Amino acid sequence: MKITKVYEKFKDSAPLFKCPVCQSAVAFQNEASLVCQSRHTFDLSKAGYINLLQKQVKTLYSKALFESRRRIFTAGFYDQLTAALAEIIAAYAPEGVINVLDAGCGEGFFTTQLSGGSKAARNVFAVDIEKEAVKLAARFATGAKCFVADLAQLPLQTGTMDVVINVFSPARYEEFGRVLKRGGLIVKVVPQAFYLAELRDVVKGQLAKGAYSNADVLALFEKNLDVLAVRRVRYTLPVTSEQVADFAGMTPMLFHLDSEQVNLGAVSEMTIDVDVLVGRFGV
C-alpha cells in the first residue's frame, strides 16, 4: 500500500490520538509521520497501520497462530457470533457516525466485519499489542485505523470512542472507561462452558481444570459496569482435519500441552459457545 493511502485513512482521525510517551496531542507533520508537541515521531507503515507501542513485547501469539485464526474465521465458524455483535451494536449504540474501538483486535476478523459494507457509518479503530496481528488486520480491514499499542495505555484522547468491543481478549476497564464518551458502550465476548468442547475433550487428561467457567470474568464485568444484556450464542459445526489443526493452532488452551498425546483425528465437529456481555459505565 502506498504511504499516501495510509495517510488518507488516518489523517482525519489524528486529533483522536495522543503521544504514548508524553501524552500530548499529535498531528501529521507530513504524509508519513505523526508527531507530538515534544517531537516524538511515529511513522506510518506501508502495510497500512501505525506502531504506537513504546517498546515491543514478546508474546506467545505467533504469526502462524493469527493465520490459523484468519482461516477459521473466514471459513464461517464465527459468522453467527458476528451477526450477534452487529445486532447488539445496532440496538445499543448511538445513531449516526460512531467511533468503534476493537480492543485486542488480533488478526482483524471482527474489525473487518465492523468496518465494511453497509456499516460505513462506523469509524473503526483496531488495536493489539502484537505487531504481526495488526499487520494482518490492516491487510484485511482496509477501512479501519489499525495501530499497535498496549491496551493498558491506549494512545487515544479521553472521551473519543462510542463503543469498545473486546473479543476473546483481556479487558482493561479503567482505560476503556477513559477513552469512551459519556454513556459509551462496551461489548465483550467471553467463552462459555462448551466453547471448543471437542478440543477440550481430547486433551482433558492434560488440563489442570476439566471444566471451564467464565464466572470470574462475568463478575468483574458486573463490578465495573452497568450490565445491559448478557446474550449466549451457541452452535456446533462440522470440521475438516485441516480446520481441526487450525483450531488447535490458534487456541491458548493447547499452548503447553504434549501434542503427541492429542488425538485431533477424533474431532469431527466444533462447538462455538460464548457469552456476549453488553454494558455501560455508570452515568
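Above: the structure in question.
Residues numbered from 1 in each chain as written. Predicted model: local features only at pLDDT ≥ 70, side-chain atom pairs only at ≥ 80, totals over all residues. Heavy atoms only, no water.

A look at the overall build of the protein
Right, so step 1: Regarding its fold elements, the protein presents nine helices and eleven strands.
Right, so step 2: Principal axes of the C-alpha set define a box for the protein whose edges measure 55 × 40 × 35 Å.
Right, so step 3: Classification of the 283 residues of the protein by burial places 50% in the buried group.
Right, so step 4: As displayed, the protein offers around 13300 Å² of accessible surface, 49% of which is attributable to carbon and sulfur atoms.
Right, so step 5: A gap of 6 Å separates the mean positions of the 32 positive and 29 negative side-chain charges of the protein. (Helix = DSSP H or I, 4+ residues; strand = E, 2+ residues; numbered from the N terminus. Buried < 20%, exposed > 50% of the residue type's maximum accessible area, 1.4 Å probe, protein only. Areas by Shrake-Rupley, 256 points an atom, 1.4 Å probe, with all protein chains shown as cover. Lys, Arg positive; Asp, Glu negative; His and termini not counted. Charge placed at Lys NZ, Arg CZ, Asp CG, Glu CD.)

Remarks on the pattern of salt bridges
Right, so step 1: With the rule as written, the count across this model stands at eight salt bridges.
Right, so step 2: One salt bridge connects Glu107 with Arg69, and the closest N-O pair in it is separated by 2.7 Å. One end of the pair, Glu107, is in the loop between strand E5 (98–103) and helix H4 (109–115); the other, Arg69, is in helix H2 (residues 63–74), and 38 residues separate them in sequence. You'll find Glu107 and Arg69 in the same group, each marked buried. (Salt bridge = Lys/Arg side-chain N within 4 Å of Asp/Glu carboxyl O.)

Here's the deal with the packing of H2 against helix H5 (residues 131–140)
Right, so step 1: Packing of H2 against H5 leaves a shortest axis separation of 9 Å and a crossing angle of 35°. When you trace H2 past H5, the crossing you get is right-handed. For the pair H2 and H5, the contacting residues are Lys63, Phe66, Glu67 and Arg70 in the first and Glu132, Ala133, Leu136 and Phe140 in the second.
Right, so step 2: Of the residues contributing to the contact of H2 with H5, the split by class is four nonpolar, no polar and four charged. (Axes fitted to C-alpha atoms, helices over the stretch in contact; angles between N-to-C directions. Left-handed = near helix turned anticlockwise from the far one by under 90°. Contact = heavy atoms within 4.5 Å. Nonpolar A, V, L, I, M, F, W, Y, C, P; charged D, E, K, R; others polar.)

Description of the layout of surface pockets
Right, so step 1: Each pocket or cavity is described by its volume, and for the second largest pocket that value is around 160 Å³.
Right, so step 2: Lining the second largest pocket are 14 residues, and of these Pro20, Gln54, Asp150, Gln153 and Leu154 sit closest to its centre. (1 Å grid on protein atoms, 1.4 Å probe; cavity = no way out; pocket = protein on both sides within 12 Å on 5 of 7 lines; lining within 4 Å. Points joined across faces, edges and corners; volume = space filled by probe spheres on them.)

A short note on the sheet that holds strand E2 (residues 33–36)
Right, so step 1: The strand order E1-E2-E3 describes an open sheet built from three strands, whose pairing is antiparallel. At either margin of the open sheet sits one strand with a lone partner, and together these are strand E1 (26–28) and strand E3 (41–43). For this sheet the average axis-to-axis angle between neighbouring strands, irrespective of direction, equals 25°.
Right, so step 2: With three bridges connecting them, E1 and E2 associate as antiparallel partners. (Pairing = 2+ DSSP bridges.)

Observations regarding unusual backbone geometry
The bulk of non-glycine residues show a negative phi, and the bulk of peptide bonds are trans.
Right, so step 1: If you check the backbone angles, Arg39 has positive phi at about 75° while not being a glycine.
Right, so step 2: For Arg39, the position within the fold is in the loop between E2 and E3.
Right, so step 3: Phi is positive for Leu196, which is not a glycine, with a value near 50°.
Right, so step 4: Along the polypeptide, Leu196 turns up in the loop between strand E9 (180–191) and helix H7 (197–202).
Right, so step 5: A relative accessible area of 2% means that Leu196 is categorised as buried.

Points about the packing of aromatic side chains
Right, so step 1: The tally for this structure, following the rule as stated, stands at 13 aromatic pairs.
Right, so step 2: With a centroid separation of 5.1 Å and 80° between ring planes, the pair formed by Phe77 and Phe247 is classed as edge-to-face. Of this pair, Phe77 sits in the loop between H2 and helix H3 (79–92) while Phe247 sits in helix H9 (residues 241–250), and the two are 170 residues apart along the sequence. Accessibility classification places Phe77 together with Phe247 in one group, the buried group.
Right, so step 3: Where Tyr173 meets Phe176, the ring centres are 6.4 Å apart and the plane angle is 85°; that geometry is what we call edge-to-face. (Phe/Tyr/Trp six-rings, centres within 6.5 Å; stacked < 30°, edge-to-face > 60°.)

Focus on the nonpolar core
Right, so step 1: Core analysis: the biggest nonpolar cluster contains 53 residues, and Tyr78, Leu81, Phe110, Ile165, Phe247 and Val276 have the highest contact counts within it.
Right, so step 2: Tyr78 has contacts with Ile72, Phe73, Phe109, Phe110, Phe168, Tyr195, Leu196, Tyr235, Phe247, Met250 and Ile272, leaving out every residue within four places of it along the chain.
Right, so step 3: Residues Val6, Tyr7, Leu44 and Val190 belong to the second largest nonpolar core, which totals 35 residues. (Core = buried A, V, L, I, M, F, W, Y, C linked by side-chain atoms within 4.5 Å.)

Side note on the packing of H2 against H9
Right, so step 1: Put simply, H2 and H9 touch, their axes get as near as 8 Å, and they point 135° apart. Taken together, the axes of H2 and H9 lie oblique to each other. The two elements H2 and H9 cross, and the hand of that crossing is left-handed. The residues of H9 that touch H2, namely those facing Leu65, Ser68, Arg69, Arg71 and Ile72, are Gln243, Asp246, Phe247, Gly249 and Met250. (Parallel < 35°, antiparallel > 145°, perpendicular 65-115°, else oblique.)

Considering the sheet that holds E5
Right, so step 1: With respect to topology, eight strands assemble into an open sheet ordered E4-E7-E6-E5-E8-E9-E11-E10, the strand pairing being mixed. The sheet is open, and its two borders are formed by strand E4 (49–51) and strand E10 (226–238), each paired with just one other strand. For this sheet, the mean inter-axis angle between neighbouring strands, taken without regard to orientation, is 20°.
Right, so step 2: Bridge count between strand E8 (residues 161–167) and E9: six bridges; the pairing is parallel.

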